[in-house]
Amino acid sequence: MYISTLPYFLFNIHAHPGRKIMSTQAIGSSYCGLALNMGQRMAVKSALLKLKLQEKLKCISFWGKIIGTEKDYLIAVSVMPGKLEFLKKFYVSVDNGVSFSELREVGEDAWNKSKELKFQMFKGNLQYKYGSNPEVEEGEQEDDEEEKKEKVDERLSEEERLFCTVTSIDRDTCIVPKGAYLLTPTSRVICNPQFNGLTVSGSTDPSSYVLMRKPEEHKTNVKIKCRGYCNSEDFLDGITNATPKGVWSILGDFSGMKVTIRNLKWSGFEFHTTVGDTYYEKAYFGYGLANEDLSMML
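The structure displayed is predicted, hence computed values, not measured ones. (Residues numbered from 1 in each chain as written. Predicted model: local features only at pLDDT ≥ 70, side-chain atom pairs only at ≥ 80, totals over all residues. Heavy atoms only, no water.)

### Looking at the packing of helix 2 (residues 108–115) against helix 4 (residues 158–173)
The description of two helices packed together rests on the angle between their axes and the distance between the axes. Defined as follows: Between N-to-C directions, angles span 0 to 180 degrees; the directions come from axes that are lines fitted to C-alpha atoms, helices contributing only their stretch in contact. Going along the chain from the N terminus, every DSSP run of H or I of four or more residues is numbered as a helix, and every run of E of two or more is numbered as a strand. Any angle that falls under 35 degrees is termed roughly parallel, while one over 145 is termed roughly antiparallel, one within 65 to 115 roughly perpendicular, and all others oblique. Every residue pair with non-hydrogen atoms within 4.5 Å of one another is taken to be in contact. All residues other than Ala, Val, Leu, Ile, Met, Phe, Trp, Tyr, Cys, Pro, Asp, Glu, Lys and Arg, Gly among them, are scored as polar; the first ten of these are nonpolar and the last four charged.
Where helix 2 meets helix 4, the closest approach of the two axes is 9 Å, and the angle between their N-to-C directions is 80°. If you check the angle between helix 2 and helix 4, you find them roughly perpendicular. In this structure, helix 2 contributes Ala 110, Trp 111 and Ser 114 to the contact, and helix 4 contributes Glu 160, Arg 161, Phe 163, Cys 164, Thr 165, Thr 167 and Ser 168. A per-class count over the contact of helix 2 with helix 4 returns 4 nonpolar, 4 polar and 2 charged.

### Quick word on the environment of Lys 45
Test applied: Buried, partly exposed and exposed residues are distinguished by accessible area as a fraction of the type maximum, computed with a 1.4 Å probe on protein chains only: under 20%, between the cut-offs, and over 50%, respectively.
Relative to the helices and strands, Lys 45 is located in helix 1 (residues 38–55). Given the relative accessible area of 52%, Lys 45 is considered exposed. A sequence separation of 16 residues divides Lys 45 from Ser 61, and the C-alpha atoms of the two residues are 9.0 Å apart.

### Focus: the pairing of strand 2 (residues 61–66)
Short version of the rule: Here, strands pair whenever DSSP counts at least two bridges between them.
The element strand 2 is largely enclosed, with a buried count of 6 among its 6 residues. Pairing analysis gives 5 bridges linking strand 2 to strand 3 (residues 73–79), with the strands arranged antiparallel. Following the sheet pairing, Gly 64 is matched in strand 3 by Ile 75. Between strand 2 and strand 3, which pair antiparallel and follow one another directly, the connecting turn spans 6 residues. Strand direction decides the pairing type here: strand 2 and strand 14 (residues 280–286), joined by 3 bridges, are parallel. If you follow Gly 64 over to strand 14, its bridge partner there is Tyr 284.

### Quick notes on the packing of aromatic side chains
The relative placement of two aromatic rings is captured by the distance of their centres and the angle of their planes. Note the threshold: Any two of the Phe, Tyr and Trp rings considered here, Trp counted by its six-membered ring, make a pair once their centres fall within 6.5 Å; the pair's planes then place it as stacked at under 30 degrees, edge-to-face at over 60, or tilted in between.
Using the criterion set out here, one finds 10 aromatic pairs in the structure. Pairing Tyr 73 with Phe 122 gives two aromatic rings, centres 6.3 Å apart and planes at 90°, and the pair type is edge-to-face. Of this pair, Tyr 73 sits in strand 3 while Phe 122 sits in the loop between helix 2 and helix 3 (145–150), and the two are 49 residues apart along the sequence. The class for Tyr 73 is buried, based on a relative accessible area of 0%. For Phe 122, a relative accessible area of 0% gives the class buried.

### Observations regarding the sheet that holds strand 9 (residues 188–191)
Pairing is antiparallel in the open sheet, where 3 strands are placed in the order 4-9-8. Strands with a single pairing partner mark the edges of an open sheet, and in this sheet they are strand 4 (82–83) and strand 8 (181–183). Of the pairings in the sheet, the one linking strand 4 to strand 9 comprises 2 bridges and is antiparallel in character. The residue bridging Lys 83 from the neighbouring strand is Arg 188, located in strand 9.

The following block contains the structure:
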């Protein structure tokens, strides 16, 4: 874990963790030196509000931007409140935030094909298919309508790859301050009304941050099963055991009041928080490509 003190200017955008996972107001902040322009900010804010009302969502927030060679994708996320599964839906915009459509879940085959494209940039066209068109075998009767219907283009679409990439990034970077949420005796996750933000020393301590996803570590699951862990703050996987070791970088400014956290595997992710403040924000601005050389760099 790398911890340093750097002069860093942050926007103090308020997003109460009990109401939203990320602030829609965080649209105006800068992440790793990148941000939305004024037109995109206004369009995204209006589109997300409209989508929330139409889909009757409890909350929806700006997630980030995937940069393509032709066009960029703006991503939003909605988290289903309540149970420990943290069910999420992702939405994509290809028109600079004017409208959003849901990214549908994909099967195992699409996940495997997506892993093979770990060095190829996105184009910005959801209908784009990776790979060459399947050739028609010689002697095959093309006028057979039944055979034509049976033929399915099994190539990976960019929309499928985008879902896999966004889901992978979110799984590794969905951090929140430890103590911001509680696990109730009925296995429901709620906002912790006693949470008042992190302390000066705790803000730069890796153990003060957890991943807001379904727990995967055996140690964490054992704690949840114990009867004594009702109304507990310690029910989520921490970032201290993330691999490879040193993947998280914690940066504090000279005053020690503002903290920035970055993930070195997914260059472009950034998390902001302020000491003694219950509000925080995070977003990803990048190419959607993991740093495959990270283990050799650390």
